[in-house]
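# Descriptive structure summary
One letter stands for each residue in the lines below.
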Amino acid sequence: MDNTFKLSFEQDLNFNYSYQSIDNLSEYGKYELSFHPERPKYLDYISIFDVVEPCLESSEFGACLVQTHRAELEGIPIMLIGQQSGPYSNYTDLLESLKDPETVRIWNHGMPVPASYERAVKAIKLAEEEQRVIIIFVDTPGADPTEQSEANGIAWRIGDTIHALADVKVPTISLIMNRACSGGAIALTGTDVTLAMEHSTYLVITPEACSSILFHTRSRANEAAEVSQITSKEGYIHGIVDELIPEPNGPAHRNKQQALASVKTVLREYVMNDSDFDPKTIFEKRVDRWKKIGHWEEVDPSELNSLHRPVTRFPVPKSTGYVKRHVKCYDTNGNRHYDPESIKKLQKTNFVCDVCGHRYVRPSAWDYINWIVDDDSFAEHDETKLIADKDILGFPGYVEKLKETRRKTGLVSAMITGNGIILGKDVVLCATDFGFLGGSFCMSTGEKVWRAAQIAIDRMVPLILQASGGGARMHEGCSSMVSIPKAHVAISCVENAGLPVVTLITDPTLGGVAIGMASRGKQLFEFNAGHIGFSGKRVIEQYTGKKTSKGFQTVDWLEKHGHAERIIHPKDLRDVIYSLIKSKN
Ligand SMILES: [Zn+2]
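Everything quoted here is computed from the prediction, not taken from an experiment. Residue numbers restart at each chain and count upward from 1, following the sequence in its written direction. Totals for whole chains, interfaces and linings use all residues, but because this is a predicted model, local features are given only for residues with pLDDT of at least 70 and pairs of side-chain atoms are given and counted only at 80 or more. Hydrogens and water are ignored here; the side-chain numbers use all heavy atoms of the structure.

### Describing the overall build of the protein
Going by this rule: A run of H or I in DSSP becomes a helix once it reaches four residues, and a run of E becomes a strand once it reaches two; helices and strands are each numbered from the N terminus. Partly exposed describes any residue whose relative accessible area lies between the buried limit of under 20% and the exposed limit of over 50%, with all areas from a 1.4 Å probe on protein chains only and scaled to the type maximum. By definition, residues are in contact when any of their heavy atoms lie within 4.5 Å. Under the convention used here, a 1.4 Å probe and the Shrake-Rupley method define accessible areas, while residue burial counts only the protein chains that appear. Here Asp and Glu are counted as negative and Lys and Arg as positive; His is not counted, and neither are the chain ends. Where a charge lies is defined by one atom per residue type: Lys uses NZ, Arg uses CZ, Asp uses CG and Glu uses CD.
Assigned secondary structure in the protein consists of 24 helices and 21 strands. Taking the principal axes of its C-alpha atoms as reference, the protein extends roughly 80 × 55 × 50 Å. Counting the 585 residues in the protein, one finds 59% classified as buried. By sequence separation, contacts in the protein at least 24 residues apart represent 76% of the contacts at least 6 residues apart. In the structure as shown, the protein presents an accessible area of about 23800 Å², 50% of it carried by carbon and sulfur atoms. Once the 65 positive and 76 negative side-chain charges of the protein are each reduced to a mean point, those two points are 6 Å apart.

So, in structure tokens, the structure goes:
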């Protein structure tokens, strides 16, 4: 009996595992190959190291999904951190183990939970204490999309992991073994070097979910995978993977020992050449690396002048001081309300309807700028104002969408950065517009945060970030996601210069925005805001098949779960930010 698992294309007689055979696979076929259940996992790869001993072991739910070991390679001390996506890579053992519902439960379909990332953060800190090179093995379909994980602060725990990797004073290497998908993967690839197995994939969103957004059906996953360019080989071409590790004589699930030997050869080289533990050199090299990440273009100054105008989204009241009630306002008894609403009352509730909880507006970047800094004190940075999004994938409709959005919002990209004054104190401010493609985090945003951070350091003034957005920008593929650690490194530079960083978290702040800049600095949560966390409500309800609880992901709900300490009404923003930054410089 053949105790192996065969993907559909492996059953095709014309498929023979040769380089050519694999190259001829569809993009979706390559995706399936990257998480073939028999591909070696973290616990297989640890055999290439010496003196391996487990550390930070825990019986907490989710701790097995990120495992940690002390080890050595060529006598150099190593901290191993590995995403283990399932119990075995041997198919017979795997099938046997999955008969036990408890085993299925604890492995959680390979999706790490907050406890998994807490273990990773502890290992990163321990590696610094013990002066070990950090080597991280990455393999995950994504982080856990459940209400429980949101209640346990998964967005902030992923953010803490990227933050810890940005700050740690030892060299860091990540290695994508199999499938590295979404924020669950980017949590662990914000490293000094990112390596990837030849047949692995590195992606921001699953092809099925991408297809569902692009084509309104999950069945066009192959097209979605093609346009997103999800293989690590393509990631290498785009500069987000530093080196591909060959899988000699065929894919790793057929040639395990060769794959392991190949990984050892490459890792040995990196570890031996890069085990300089001087903290200053490590951080300088890290800054040099992340500075180069991402692609963008510049608009012509004449285009900037023609489209640039401050846009506000606040409703304009009639002379009576009332605005039209939003449509479809029903109270809890099912009665529809039509009567106009007083603007003063709406300002008090921060534009949230007191009958049904609907928010009338999502303010524009300019609205936030006007709330945060003194009147007429904002001056956009010359260094960032021309930076625009670049269509590196030739993604369907992206260029047209960008043009239309620029016209509509009066902005060149989702973020606008500039110098401003708060109650007489100079600051650098980065504001985001949800109206610009959902404020999604992208390469231009990463670069703008980077340059704004450098300006804050040059001027020795605090950095204020206003976060807003529904995730990472799908149209830029994995490159958008890889700009998230870049923003973390930029913010670390500001903090290392002894300057305050204050972040205002607004409605919505999800996914790539939450795990990126929104998880840094002194966090302020906008009064009555909602949609704050990692996975959106709709994704969670679809995955679990259950309705989320009342008030889910609102600031009050976050406060109840211990994740929102400072909830601030817009009218108090200036005073509160001033009180947080006044003691420094
Ligand atoms: Zn209402």
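Picking up after the structure, the text goes on.
### Focus: the sheet that holds strand β17 (residues 425–432)
So the rule is basically this: If DSSP finds at least two bridges between two strands, the strands pair.
An order of β14-β16-β17-β18-β19-β20-β21 is seen for the seven strands of this open sheet, with the pairing classed as mixed. Both outer strands of the open sheet, β14 (379–380) and β21 (567–568), are each paired with one neighbouring strand and no more. The pairing of β14 with strand β16 (residues 415–422) spans two bridges and is classified as antiparallel. Opposite Ala379, over in β16, you have Asn419 as the bridge partner.

### Some words on the coordination of the zinc ion
Our working rule: Donor atoms are limited to N, O and S found within 2.8 Å of the metal ion, a distance that becomes 3.2 Å for Na, K and Ca. With water left out, some sites might look partial. In short, tetrahedral needs four donors with all angles between 85 and 135 degrees, square planar needs four and octahedral six donors with opposite donors over 155 degrees apart and all other angles between 65 and 115, and whatever is left is irregular.
Coordination of the zinc ion by the protein involves His326 (NE2), Cys329 (SG), Cys353 (SG) and Cys356 (SG), with metal-donor separations of 2.1 to 2.2 Å. Coordination at the zinc ion is tetrahedral, judged from the four donor atoms that bind it and the angles of 100 to 117° they form at the metal. Donor residues binding the zinc ion come from one chain and are separated in sequence as H-x2-C-x23-C-x2-C. Of the two residues, Cys329 is situated in strand β11 (residues 329–330) and Cys356 in the loop between α16 (343–348) and α17 (365–372); the sequence distance between them amounts to 27 residues.

### A word on the environment of Thr554
Of note, Thr554 is situated in the loop between α22 (537–544) and α23 (555–560). Put simply, Thr554 and Ala120 are 434 residues apart on the chain and 28 Å apart in space, counted from C-alpha to C-alpha.

### A short note on the domain arrangement of the protein
The condition that has to hold: How far each domain reaches was decided by an automatic or database domain assignment. Accessible area, probed at 1.4 Å, shrinks when two parts are joined; the buried area is that loss added up over both. Only one rule defines a salt bridge in this text: a Lys or Arg side-chain nitrogen within 4 Å of an Asp or Glu carboxyl oxygen. Under this definition, polar contacts are N or O atom pairs within 3.5 Å; protein pairs additionally need one hydrogen-donor-capable and one acceptor-capable atom, and for neighbouring residues in sequence, both atoms have to be side-chain atoms. Think of it as three bins: nonpolar holds Ala, Val, Leu, Ile, Met, Phe, Trp, Tyr, Cys and Pro, charged holds Asp, Glu, Lys and Arg, and polar takes everything else, Gly as well.
Taken domain by domain, the protein consists of domain 1 (40–204 + 231–289), domain 2 (299–313 + 362–581) and domain 3 (315–361). The C-alpha-based centres of domain 2 and domain 3 are spaced at 26 Å. Listed as interface residues are eleven residues of domain 2 and, on the opposing side, eight residues of domain 3. Summing the contributions of domain 2 and of domain 3, the shared interface buries around 710 Å²; its carbon and sulfur component is 46%. In terms of surface lost to domain 3, no three residues of domain 2 exceed Arg313, Arg362 and Asn528, which account for 47% of the buried area on that side. Of the charged contacts, one joins Asp507 and Arg359 as a salt bridge, the two residues approaching to 4.0 Å between their closest N and O atoms. Taken together, domain 2 and domain 3 are joined by six residue pairs in polar contact (both at pLDDT 80 or more). Class assignment of the residues belonging to the side of domain 2 that touches domain 3 gives a composition of five nonpolar, two polar and four charged.

### Notes on the packing of aromatic side chains
Formally: Geometry of aromatic contacts follows a simple scheme: Phe, Tyr and Trp rings, the Trp one being its six-membered ring, pair when their centres are within 6.5 Å, and the pair is stacked under 30 degrees between planes, edge-to-face over 60, tilted otherwise.
Using the criterion set out here, one finds 14 aromatic pairs in the structure. Centre to centre, the rings of Phe9 and Phe15 are 5.1 Å apart; their planes meet at 65°, and the pair counts as edge-to-face. Like Phe15, Phe9 is buried. Seen from their ring centres, Tyr31 and Phe35 are 4.9 Å apart, and the 65° between their planes marks the pair as edge-to-face. Accessibility expressed as a relative area gives 2% for Tyr31, which makes it buried. Taking relative accessible area as the criterion, Phe35 reaches 30% and is therefore assigned partly exposed.

### Considering helix α20 (residues 478–496)
This is how it is decided: Each helix should span, by expectation, one fewer than its residue count multiplied by 1.5 Å.
Taking 1.5 Å per residue, 19 residues should reach 27 Å; α20 reaches 28 Å between its end C-alpha atoms and fits that length. Among the 19 residues of α20, 17 are classified as buried, and the element is accordingly described as predominantly covered. Two residues or fewer after α20 comes Gly498, characterised by a positive phi angle close to 80°.

### Observations regarding the packing of helix α10 (residues 207–215) against helix α11 (residues 221–228)
Put simply, the test is: For helices, the fitted line uses only the C-alpha atoms of the stretch in contact; every axis is such a line through C-alpha atoms, and the angle between N-to-C directions lies from 0 to 180 degrees. Any angle that falls under 35 degrees is termed roughly parallel, while one over 145 is termed roughly antiparallel, one within 65 to 115 roughly perpendicular, and all others oblique.
Relative orientation of the contacting elements α10 and α11 amounts to 95°, with a least axis distance of 8 Å. With respect to each other, α10 and α11 are oriented roughly perpendicular. In this structure, α10 uses Pro207, Glu208, Cys210, Ser211, Leu214 and Phe215 to contact α11, whose residues at the interface are Ala221, Glu223, Ala224, Ala225, Val227 and Ser228. Residues of the contact of α10 with α11, tallied by class, amount to eight nonpolar, two polar and two charged.

### Focus: the pattern of salt bridges
Scanning all chains against the criterion turns up 31 salt bridges. In this structure, Lys345 engages Asp354 in a salt bridge whose closest nitrogen and oxygen atoms are separated by 3.1 Å. Judged by relative accessible area, Asp354 falls into the partly exposed class, the value being 46%. Ionic pairing is found between Glu526 and Arg359, a salt bridge with its closest N-O pair at 2.6 Å. With Glu526 in strand β20 (residues 522–526) and Arg359 in the loop between α16 and α17, this residue pair connects regions lying 167 residues apart in the sequence.

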